[in-house]
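# Geometric and topological summary
Letter by letter, the chains look like this.
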Amino acid sequence: MISQIDQTFYRLSNLDSLQQKLSYQKSTGKKLENGSDDSILYSRIISLDDKVRTFEGLKIQVQKTNSQNNVSDAALRESKKILDFLKAELIKANTDTTNSNGLNAIAANIEGLKENLFDLGNTQSEGEYVFSGSDSSVKAFEKNSDGTISYKGDNKLRKIAVEEGSYRERGITGFEAMTFPSSTAYKGETLTFQERDRILDQEGNEWKLNSPANNTLTKYDIDGNVTTTTLSVTPNPDGTFSATAPNTDGMKMEARTSVFDIIDDVLNALKKVDSSGNPISDTDARALISKGMDNVSKAYDSINVAHAELGGRNKTFEISLERIESKLTQYNILSQQIGAANLTEVAVKAKALELTYTALYSTISKTNQLSLVNFIN
């Protein structure tokens, strides 16, 4: 009798465990509740779930990047429109029929355009400055005490993961967006530049003019660290400087002029003063306006090139997003196929379990009706 009771309780315990397992599968749709149920299958499910989480993270990151790229694209479009309008204003200013009042009105308009470009240069998306380079927390452009505007970012683009272990460069820097190459020198050639220009080589390193001596260019690496490499600088009679590019294969150096600096130049010309505020003649002013028109055209061409490069990078992320979404879908389907319970099978087992419970409880009931004398007999 005692042995039979123990066996009954043992069978009830097994049935309860099976019932708990079937209830879990029915409510969650998952095959396994505990890894010990099937260690091999559990390992496969964990591996697939890890893939799903990885690609979900990649998807969020690339979607954010696409949004920032679209904002950058819109900012460059607006910048080109401003340069177009700026050039049209300079054409009006360079005609004999425009009097002093007209020049002052044009100067006021151009000052407004400069402010608009400044705002576009500091465009933000998702709380990040899109033209700052590698550190998007840095404000790209800042106004100095004398009213000039300087680029505070770097010449290195951020890299965004588009695949496990694979990265792509995002956006463009402020150098590409708001400066243009005013002078270029290749291996052994002479580079002519102004003190305010920023000088870059083909690897993205910046060469800085020492101040106040202005007789040496010092190379800084892509991370902004000073190196021991220097170039001698020669001052020119017109106030510019010259340096000879290193005699190295593939060497290329560019002096890049800020669009904000050329706007300051044309504003001075319209007001008939030089950079120090001293009066200049009408002839000199018109010569500077003409030069400003040429520089605006160069700036527009440079932004156009940068816009095209941005479009190519944007397309890379759009394609990457499609690939990530495709892989994420595949991993989700595979995870469901491997880890999902067969609900039809669960229903059949549950029904069979119900019948087994009924039969066992019937047996228990009949056993309880037996007297000790009958059991002994």
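Everything below is about the structure shown above.
Residues numbered from 1 in each chain as written. Predicted model: local features only at pLDDT ≥ 70, side-chain atom pairs only at ≥ 80, totals over all residues. Heavy atoms only, no water.

## Focus on helix α5 (residues 259–270)
What counts, and what does not: A helix here means a DSSP run of H or I that spans at least four residues, while a strand means a run of E at least two residues long, and both kinds are numbered starting from the N terminus. In this analysis, the expected span of each helix is defined as 1.5 Å times one less than the number of residues it contains. Exposure categories follow from relative accessible area, calculated using a 1.4 Å probe and restricted to protein chains: below 20% of the type maximum is buried, above 50% is exposed, and the middle band is partly exposed. Definition of a polar contact: a pair of N or O atoms within 3.5 Å, with one able to donate and the other able to accept a hydrogen when the atoms are protein atoms, and with sequence-neighbouring residues admitted only if both atoms are side-chain atoms.
With 12 residues, α5 should cover 16 Å at 1.5 Å per step; its first-to-last C-alpha distance of 17 Å lies within 8% of that length. Most of α5 sits out of view: 10 of its 12 residues are buried. All buried positions along α5 are accounted for by Val 259, Phe 260, Asp 261, Ile 262, Ile 263, Asp 264, Val 266, Leu 267, Ala 269 and Leu 270. The N-capping residue of α5, defined by a side-chain oxygen 3.1 Å from the backbone nitrogen of Phe 260, is Ser 258. One or two steps after α5, the chain reaches Lys 272, where phi turns positive at roughly 60°.

## Re the sheet that holds strand β8 (residues 190–193)
Our working rule: Whether two strands pair depends on DSSP finding at least two bridges between them.
Strands sit in the order β8-β14-β13 across an open sheet of three strands; the sheet is antiparallel. Unpaired on one side and paired on the other, β8 and β13 (234–235) mark the two borders of the sheet. As paired elements, β8 and strand β14 (residues 241–244) share four bridges and run antiparallel to each other. In the sheet register, Leu 191 faces β14, and the bridge partner there is Ala 243.

## Topic: the nonpolar core
Short version of the rule: We call a set of buried residues a nonpolar core when its members are Ala, Val, Leu, Ile, Met, Phe, Trp, Tyr or Cys and they connect through side-chain atoms within 4.5 Å of each other. Should any heavy atoms of two residues lie within 4.5 Å, those residues are considered in contact.
Ile 110 and Val 259 are the most contacted members of the largest nonpolar core, which totals 42 residues. Elements supplying a minimum of two residues to this core: α2 (39–93), α3 (100–121), β4 (149–151), α4 (174–178), α5 and α6 (282–339). Beyond its immediate sequence surroundings of up to four residues, Val 259 is in contact with Leu 83, Leu 117, Met 178, Thr 179 and Ala 299. Formed by 15 residues, the second largest nonpolar core is a distinct cluster that contains Trp 207, Leu 217, Leu 231 and Met 253.

## Structural notes on the sheet that holds strand β12 (residues 226–232)
Keep this limit in mind: Angular values range over 0 to 180 degrees, each being the angle between N-to-C directions of two axes fitted as lines to C-alpha atoms, with helices fitted over their stretch in contact.
Spatially, β7-β15-β9-β10-β11-β12 is the arrangement adopted by the six strands of the open sheet, whose pairing is antiparallel. At either end of the open sheet lies a strand with only one pairing partner, and these are β7 (179–186) and β12. The average undirected angle you get between the axes of adjacent strands in this sheet is 30°. Bridge count between strand β11 (residues 216–220) and β12: four bridges; the pairing is antiparallel. Its bridge partner lying in β12, Tyr 220 is registered against Val 226. Sheet strands touched by α5: β7 and β15 (252–258). Its angle to β15, the strand with the most contacts, is close to 50°.

## Section: the pattern of salt bridges
Side chains carrying opposite charge are able to pair once their charged atoms draw close together. For clarity, the cut-off: Salt bridge criterion: a side-chain nitrogen from Lys or Arg within 4 Å of a carboxyl oxygen from Asp or Glu.
In the structure shown here, the tally under the stated rule is 22 salt bridges. For Arg 196, the salt bridge is made with Asp 265, and the minimal N-O distance between the two is 2.5 Å. Of this pair, Arg 196 sits in the loop between β8 and β9 (198–201) while Asp 265 sits in helix α5; the two residues are 69 residues apart in sequence, bridging distant segments of the chain. Where salt bridges share partners, they join Lys 64, Glu 128, Arg 158 and Arg 170 into one cluster.

## Considering the pairing of β11
Strand direction decides the pairing type here: strand β10 (residues 206–209) and β11, joined by four bridges, are antiparallel. From the neighbouring strand, Trp 207 faces β11, where its bridge partner is Lys 219. Hairpin connection from β10 to β11: six residues lie between these consecutive antiparallel strands, with Asn 214 at a positive phi of about 55°.

## Concerning the packing of aromatic side chains
Quick note on the threshold: Within 6.5 Å between ring centres, the rings of Phe, Tyr and Trp (the latter by its six-membered ring) count as paired, and their orientation is classed by plane angle as stacked under 30 degrees, edge-to-face over 60, tilted in between. Each ring is checked for a lysine NZ or an arginine CZ that lies within 6 Å of its centre and within 35 degrees of its normal; such an atom marks a charge sitting over the ring.
Under the definition given, this model contains five aromatic pairs. On the basis of an interplanar angle of 40° and a centroid distance of 5.6 Å, the ring pair of Phe 55 and Tyr 331 is categorised as tilted. Note that Phe 55 is positioned in helix α2 and Tyr 331 in helix α6, a separation of 276 residues in sequence. In this structure an aromatic cluster arises from ring pairing among Phe 141, Tyr 151, Phe 175 and Phe 260. Taking the ring centre of Phe 118 as reference, the NZ or CZ of Lys 143 above it sits at 5.2 Å. Over the ring of Tyr 220 we find Lys 208; its NZ or CZ atom is 4.4 Å from the centre of that ring.

## Remarks on α3
The condition that has to hold: It is the directions from the helix axis to the C-beta atoms whose arc is reported.
With 22 residues, α3 should cover 32 Å at 1.5 Å per step; its first-to-last C-alpha distance of 31 Å lies within 8% of that length. For α3, the complete set of buried residues consists of Leu 103, Ile 106, Ala 107, Ile 110, Leu 113, Lys 114, Leu 117, Phe 118, Leu 120 and Gly 121. One side of α3 carries all its buried residues, which in axial view fall inside an arc of 150°. For α3, the capping residue at the N-terminal end is Asn 99, with a side-chain oxygen 3.2 Å from the backbone nitrogen of Asn 101.

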